[in-house]
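Listed below are the residues making up each chain.
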Amino acid sequence: MAEKKKAGRPGRKPPAGTKKQLLTSMDPEIIKRIKSAAALRDTTASLVMEQAAAEWLDRHHDGKK
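Residues numbered from 1 in each chain as written. Predicted model: local features only at pLDDT ≥ 70, side-chain atom pairs only at ≥ 80, totals over all residues. Heavy atoms only, no water.

**Q** Any chance you could explain the packing of helix α1 (residues 28-40) against helix α2 (residues 45-59) here in plain terms?
**A** When two helices pack together, their arrangement is given by the angle between their axes and by how far apart the axes lie. Where α1 meets α2, the axes come as close as 8 Å, and the angle between the chain directions of the two elements is 105 degrees. Our classification of the angle between α1 and α2 gives roughly perpendicular. Contact with α1, carried on its side by Ile-34, Lys-35 and Ala-38, involves Ala-45, Val-48 and Met-49 of α2 and no other residues of that element. Classifying every residue of the contact of α1 with α2 by side-chain character gives five nonpolar, no polar and one charged. (Axes fitted to C-alpha atoms, helices over the stretch in contact; angles between N-to-C directions. Helix = DSSP H or I, 4+ residues; strand = E, 2+ residues; numbered from the N terminus. Parallel < 35°, antiparallel > 145°, perpendicular 65-115°, else oblique. Contact = heavy atoms within 4.5 Å. Nonpolar A, V, L, I, M, F, W, Y, C, P; charged D, E, K, R; others polar.)

Printed below as a string of structure tokens:
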């Protein structure tokens with residue numbers, strides 16, 4: 001009997017061990033703006049949010065660094 005593959009969308013998750021997923025809720029208009037800005041810069045919304053979070057943490061002294 002053939003082994004079934006796990007359902008899912010290919011290419012959505014990074015390789016194991018390199019990144020972790022964070023689920024959050026935002027205003028739909030903000031999400032649209034983030035995705036649009038990312039597309040204009042040929043990057044991903046995920047990378048935009050990661051950079052924004054890193055900048056926020058740098059400004060607010062989270063105890064790291």
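Having seen it, we continue.
**Q** Mind showing me how you'd approach α2 here?
**A** Side chains three or four residues apart in an α-helix point the same way, a direct result of the helix having 3.6 residues per turn. Taking 1.5 Å per residue, 15 residues should reach 21 Å; α2 reaches 21 Å between its end C-alpha atoms and fits that length. Looking at the residues trailing α2, positive phi occurs at His-61, about 40 degrees. (Expected span 1.5 Å × (residues − 1).)

Purely spatial values, then, with no claim about function.
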